[in-house]
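Given next are the chains, with one letter for each unit.
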Amino acid sequence: MTVCDDAAHAFAESFGGEPDGVWCAPGRVNIIGEHVDYAGGLCLPIALPQITAAAVRRRTDGRIRMVSAGFDRVEIDPGSLLGSTRVAGWAAYVVGVVYALDPPGCEGLDIAIASNVPVGAGLSSSAALEAAVALASAELFGLPTDDVGRDRLARACVVAENDYAGAPTGGMDQQIALRGRAGHALLLDCADDTVEHVPFDPEAQGMTILVVDTRTAHRLVDGQYGDRRRAVDDAARMLGSALRDAPSVDGLEDPVLRRRARHVVTEIGRVRAAADALRAGRVQDLGPVLDASHRSLRDDFEVSCIELDTAVDAARRAGALGARMVGGGFGGSAIVLCELTRVAAIAAAVTAAAARHGFPAPGFLRAAPAGAAHRCR
Ligand code: GLA
């Protein structure tokens, strides 16, 4: 059974009958450009083959009923949520999207969710959920779903994430979930949401992006992510310009703020270098750029952790071309660029290093760039 079948099955079991349709959206992994989206920077994510599916049917009584295979069932009564942001857990992402979009003619929904995006691994399970619900709502109620429409849907998903789920994230995850393209990385300019689809097929060149899920807690609603975001905002205010346009960060007196700003500026430079390498078909040139990104995230931005550093170091020692932590940090996943012939040896070395430190056994998946949210049934 596919994930889309699972969602349809959960729908029939919970609500009876057939959904109006099933829509799905991918998780993501970011190749480079970490903690720069909310600073109006550049990033280069890919969509994953792992997806979240939403089976959806219209209602006419104002009620929203949600069920998720593996989670609980939640019902929202007519009017109880309008203007309110108090919804707990995964339902906040769903309801948040519906309220942020406010699709014309929507008078309630039944929604069943299924997913194979690992939760809490920093692979954007929440954005996948938001994007699937957003596209379903758009197609059911006639909102545009061309590229401009998808940009608007992604922005509504960010409102859901920020205002309803309470995670102060940027927009990278939602943009890739709705606008990614199979076989390509998405060069996203977060200043205006313009995109370039850059061909990226490492396996065709005998290499792969191996995702290492450290299986250590990754939470974006705690204080650290918001703290970094505030530091970046403060630095830009003090310098009087967006960090990507600042000629130098040396004018910042506070050493911590200076390091935070330096990460953003140097990371944006690394995204440009990575995009150039991919445009030239030189995937292996990503390696040193990934290594430099990890050092910057670890030392200047201070969002790595011992489990991520251990995985990255072990992968490099076992012959990776480059490796770095990805996503918000403080746990979650790392990516390793390596030759296909090295995958087994690197996975074994990373697993052994985790065991030596008494960390959880990591999970692995190979990330081939997949497509964006779409209707699957
Ligand atoms: C999380 C957020 C994104 C982005 C990354 C860091 O994944 O959801 O918006 O800020 O962290 O690059």
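Now for a quick tour of the structure. (Residues numbered from 1 in each chain as written. Predicted model: local features only at pLDDT ≥ 70, side-chain atom pairs only at ≥ 80, totals over all residues. Heavy atoms only, no water.)

Looking at the overall build of the protein
Counting secondary structure elements, the protein contains 10 helices and 13 strands. In terms of C-alpha radius of gyration, the protein reaches 20 Å, essentially the compact-globule figure of 21 Å for 377 residues. Taken along its principal axes, the extent of the C-alpha atoms in the protein is 55 × 50 × 40 Å. Long-range contacts, defined as pairs at least 24 residues apart, comprise 72% of the intrachain contacts of the protein with a sequence gap of at least 6. A total accessible area of about 14400 Å² is found for the protein, and carbon and sulfur atoms account for 50% of it. For the protein, the separation between the mean place of its 38 positive charges and that of its 48 negative charges on side chains is 2 Å. (Helix = DSSP H or I, 4+ residues; strand = E, 2+ residues; numbered from the N terminus. Rg over C-alpha atoms; globule rule 2.2 N^0.38 Å. Contact = heavy atoms within 4.5 Å. Areas by Shrake-Rupley, 256 points an atom, 1.4 Å probe, with all protein chains shown as cover. Lys, Arg positive; Asp, Glu negative; His and termini not counted. Charge placed at Lys NZ, Arg CZ, Asp CG, Glu CD.)

Description of the sheet that holds strand E11 (residues 333-339)
Spatial strand order, E10-E11-E9-E12: four strands in an open sheet with antiparallel pairing. In the strand order of this sheet, the two ends are held by strand E10 (322-325) and strand E12 (363-366), each with one partner. Taken over all neighbouring pairs, the strand axes of this sheet differ in orientation by 20 degrees on average, direction set aside. One ladder, built from seven bridges, connects strand E9 (residues 207-213) with E11; its direction is antiparallel. Opposite Leu210, over in E11, you have Val336 as the bridge partner. Most of the contacts of helix H8 (residues 286-300) go to E10, to which it runs at about 30 degrees, and overall it touches E10 and E11. (Pairing = 2+ DSSP bridges. Axes fitted to C-alpha atoms, helices over the stretch in contact; angles between N-to-C directions.)

Overview of the environment of Arg375
Take Arg375: it is sitting in strand E13 (residues 374-375). Residue Arg375 is classed as partly exposed on the basis of its relative accessible area of 42%. When the C-alpha positions of Arg375 and Val336 are compared, they lie 31 Å apart, and in sequence the two are 39 residues distant. There is a polar contact of 2.7 Å between the side chain of Arg375 and the backbone oxygen of Asp20. Only 2.8 Å separates the side chain of Arg375 from the backbone oxygen of Arg377, close enough to count as a polar contact. (Buried < 20%, exposed > 50% of the residue type's maximum accessible area, 1.4 Å probe, protein only. Polar contact = N/O pair within 3.5 Å; in protein donor to acceptor, adjacent residues only side chain to side chain.)

Re the state of the cysteines
When the sulfur atoms of two cysteines share a covalent bond, that bond is a disulfide. Going through the model one piece at a time under the given rule, you end up with one disulfide. Between the sulfur atoms of Cys4 and its disulfide mate Cys376 the distance is 2.3 Å. What sets the handedness of the Cys4 and Cys376 disulfide is the S-S torsion sign, and at about -100 degrees it is left-handed. You can see Cys4 sitting in helix H1 (residues 3-15) and its partner Cys376 sitting in the segment after E13, a full 372 residues away along the chain. Here Cys376 falls in the partly exposed class, since its relative accessible area comes to 27%. (Disulfide = S-S within 2.5 Å.)

Looking at the sheet that holds strand E5 (residues 73-76)
Hydrogen bonds between backbone groups are what pair the strands of a sheet, and the pairing can be parallel or antiparallel. Judged by pairing direction, the sheet is mixed, and its six strands sit side by side in the order E5-E4-E6-E3-E1-E13 without closing on themselves. With partners counted over all chains shown, the strands left at the sheet margins are E5 and E13, one partner each. With two bridges joining them, strand E1 (residues 21-30) and E13 adopt antiparallel strand pairing. In the sheet register, Cys24 faces E13, and the bridge partner there is His374. Contacting E1 and strand E3 (45-58), helix H5 (residues 172-179) runs over the sheet at an angle of about 130 degrees to E1.

Side note on empty space enclosed by the protein
Scanning all chains against the criterion turns up one cavity of 30 Å³ or more. Taken as a whole, the largest cavity spans an internal volume of roughly 80 Å³. What lines the largest cavity is simply Val212, Thr214, Glu307, Thr310, Ala311, Val350, Ala353, Ala354, Phe359, Pro360 and Pro362. When residues of the lining of the largest cavity are traced back to their parent elements, those giving at least two are helix H9 (306-317) and helix H10 (343-357). Here the lining of the largest cavity is built from residues that sort into eight nonpolar, two polar and one charged. (1 Å grid on protein atoms, 1.4 Å probe; cavity = no way out; pocket = protein on both sides within 12 Å on 5 of 7 lines; lining within 4 Å. Points joined across faces, edges and corners; volume = space filled by probe spheres on them. Nonpolar A, V, L, I, M, F, W, Y, C, P; charged D, E, K, R; others polar.)

Comments concerning the packing of helix H6 (residues 223-239) against helix H7 (residues 255-279)
Any two packed helices are characterised by how steeply their axes cross, that is the angle between the axes, and by the distance between the axes. Where H6 contacts H7, the two axes come as close as 9 Å, and the packing angle between them is 90 degrees. Considering their axes alone, H6 and H7 lie roughly perpendicular with respect to each other. Mapping the contact onto sequence places Arg228, Ala231, Val232, Asp234, Ala235 and Met238 in H6 and Leu257, Arg260, Ala261 and Val264 in H7. In terms of residue class, the contact of H6 with H7 is built from seven nonpolar, no polar and three charged. (Parallel < 35°, antiparallel > 145°, perpendicular 65-115°, else oblique.)

Description of the pairing of E12
Burial of the side chains of E12 is restricted to one face: Gly363 and Leu365 are buried, whereas none of Phe364 and Arg366 on the reverse face is. For E9 and E12, the ladder comprises four bridges, and the chain directions are antiparallel. Its bridge partner lying in E12, Val212 is registered against Phe364.

Focus: unusual backbone geometry
When glycine is set aside, most residues are seen to have a negative phi, and most peptide bonds are trans. Of note, Asp193 is a non-glycine position whose phi angle comes to about 65 degrees, a positive value. Turning to its location among the elements, Asp193 is positioned in the loop between strand E7 (184-189) and strand E8 (194-199). Its identity as a non-glycine residue notwithstanding, Glu302 has a phi of 50 degrees, on the positive side. Judged by relative accessible area, Glu302 falls into the partly exposed class, the value being 35%.

Structural notes on H8
Here H8 contains 15 residues, and its C-alpha end-to-end distance of 20 Å stays within 8% of the 21 Å for a straight helix at 1.5 Å per residue. For H8, the secondary structure elements touched by its buried residues are H7, H9, E10 and E11. Two residues or fewer after H8 comes Glu302, characterised by a positive phi angle close to 50 degrees. (Expected span 1.5 Å × (residues − 1).)

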